[in-house]
Amino acid sequence: MLDLAGQCRKIQPEIDEAIRQVIESSAFINGPAVARFAEELSAYTGAAFVIPCGNCTDALQISLMALGLKPGDEVIVPAFTYIAAVEATLLLGLKPVFVDVDPGTYNMDVTQVESLITSKTKAIIPVHLFGQSADMESLLKIAAKHNLQIIEDNAQSIGAIYSFSDGVQKQCGTMGTVGCLSFFPSKNLGCFGDGGAMLTNDPDLALRLKMTASHGQSAKYRHEIVGCNSRLDTIQAAILRVKLQYLDEYNSDRKQAARYYSEHLKDLEEHLQIPVGTPYSTQVYNQYTIQIKKGRRDAFRTYLQEKGIPTMIYYPLSVPEQPVFSLGTTCPVSASLASSVVSLPMHTELDEEQLNYITTQIKSFFT
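Remember, it's a predicted structure, so these values are computed and weren't measured experimentally.

This part takes up the environment of Phe192. Structurally, the position occupied by Phe192 is in the loop between strand S8 (178–182) and strand S9 (196–200). Here Phe192 falls in the partly exposed class, since its relative accessible area comes to 40%. Expressed as a C-alpha distance, the spacing of Phe192 and Asp16, which sit 176 residues apart in the sequence, is 12 Å. Excluding residues within four positions of it along the chain, Phe192 makes contact with Cys8, Ile15, Pro185, Gln236 and Ile239.

Structural data, given as structure tokens:
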């Protein structure tokens, strides 16, 4: 599914030098590379403020804390996603309210959102799934109408560009109140461990996010609010500074692989559905996720495994169906996707020979 080693080999001398400098300085926590990475990521994304933290789940929780949500407040979240956004709400005593997703884009179905808003609703967490933005223009209008916060879960879509109807373009993660990023190794911009960041254009909120992530401190040993301990360590920041320089190239490589897949699988629409694009968002393909029709997903995966081709299922259960919740919420599209989606190998090192082999074997299974 991934070739992280192959990607790293191409920039190994730069990575080694970045790590060497951190080790030589011994500034392992909050060293200069952390601040420099935040500055460079701000320049790349266009966000006024970048607050690094330990991981994207922390970023989501810190954002909810910094925005002042209280136990019992409701947060609208998509039913088809990784559990992190929902987990963060529950850890703070908030109530997740599930909205179903669009069957083509896998993102939050914005046509259902407004009907779920109550007097207790305080925030919406759209997840830009698999590398493509949710319909942010519609969500921002809903949020403005009902005085709601938007926390973008942008763990999978860094570098994707959203185009508003007036021609304005913004990066995923920079449109809502806060944007949350993941630098998990498999992400388009990944470090050598865990890492995350929060993006915002609000200076007061940026300060509160920074304080919340650092034990609620306004200055050393002066604790103004209840916070937590979540930080990006200096070695990871140094690695990310190197890899950020290559992010556009990495995203371009993923798009090229996706184009190959789509071109060579488009005639199999009787058997599978390829990813659906939108006019408002570019797609950076953290995953290339297809849907297998007629209940043949398990047989499809077994066949490819026998041919030496790995696959993954993101996600085998919708969030409301997870045993930890037992909420009884019915989101039929999400439940259907959980039984049909499968992701093909997607990374920066895929070459035409590999892509040809994968698509040839897929065609062979269905013909």
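Within the structure shown, the criterion is met by 2 cavities of 30 Å³ or more. Taken as a whole, the largest cavity holds about 70 Å³ of empty space. Taken together, 13 residues line the largest cavity, and the ones lying closest to its centre are Tyr106, Phe130, Gln132, Pro275 and Gln283. Considered as a void within the structure, the second largest cavity measures approximately 50 Å³ in volume. Here the lining of the second largest cavity is built from residues that sort into 3 nonpolar, 4 polar and 3 charged.

In a regular helix each residue adds 1.5 Å, so 15 residues correspond to 21 Å; helix H12 (residues 352–366) covers 21 Å between its end C-alpha atoms and thus fits that length. All of the buried residues along H12 are Leu355, Ile358, Thr359, Gln361, Ile362, Phe365 and Phe366. Considered in projection along H12, the buried side chains sweep an arc of 155 degrees and stay on one side of the axis. Of the exposed residues in H12, the ones pointing more than 90 degrees away from its buried face are Glu352 and Glu353. Packed against the buried residues of H12 are helix H9 (247–265), strand S12 (272–273), strand S13 (288–292), helix H10 (297–306) and strand S14 (341–344). N-capping of H12 is provided by Asp351, with a side-chain oxygen placed 3.2 Å from the backbone N of Glu353.

Here the focus is a nonpolar patch on the surface. Taken together, Ile23, Phe28 and Ile29 make up a surface patch of nonpolar side chains, about 280 Å² in accessible area. On the secondary structure map, Phe28 appears in the loop between helix H2 (12–25) and helix H3 (32–45).

On to the sheet that holds strand S5 (residues 149–153). In spatial order, the strands read S1-S9-S8-S5-S4-S2-S3; together these 7 strands make up an open sheet with mixed pairing. Here the strands that pair on one side only, and so sit at the sheet edges, are strand S1 (49–53) and strand S3 (95–99). Neighbouring strand axes in the sheet, compared pairwise and without regard to direction, differ in orientation by 25 degrees on average. Of the strands in this sheet, S1, strand S2 (74–78), S5, S8 and S9 are in contact with helix H4 (residues 56–66), which crosses S8 at around 160 degrees. Each of S2, S3 and S5 touches helix H5 (residues 84–91); the most contacted strand, S3, lies at about 150 degrees to it.

Conventions used here
- Residues numbered from 1 in each chain as written.
- Predicted model: local features only at pLDDT ≥ 70, side-chain atom pairs only at ≥ 80, totals over all residues.
- Heavy atoms only, no water.
- Helix = DSSP H or I, 4+ residues; strand = E, 2+ residues; numbered from the N terminus.
- Buried < 20%, exposed > 50% of the residue type's maximum accessible area, 1.4 Å probe, protein only.
- Contact = heavy atoms within 4.5 Å.
- 1 Å grid on protein atoms, 1.4 Å probe; cavity = no way out; pocket = protein on both sides within 12 Å on 5 of 7 lines; lining within 4 Å.
- Points joined across faces, edges and corners; volume = space filled by probe spheres on them.
- Nonpolar A, V, L, I, M, F, W, Y, C, P; charged D, E, K, R; others polar.
- Expected span 1.5 Å × (residues − 1).
- Arc of directions from axis to C-beta.
- Polar contact = N/O pair within 3.5 Å; in protein donor to acceptor, adjacent residues only side chain to side chain.
- Patch = residues over 30% accessible without salt bridge, like charges linked within 9 Å, V, L, I, M, F, W, Y side chains within 5 Å.
- Areas by Shrake-Rupley, 256 points an atom, 1.4 Å probe, with all protein chains shown as cover.
- Salt bridge = Lys/Arg side-chain N within 4 Å of Asp/Glu carboxyl O.
- Pairing = 2+ DSSP bridges.
- Axes fitted to C-alpha atoms, helices over the stretch in contact; angles between N-to-C directions.

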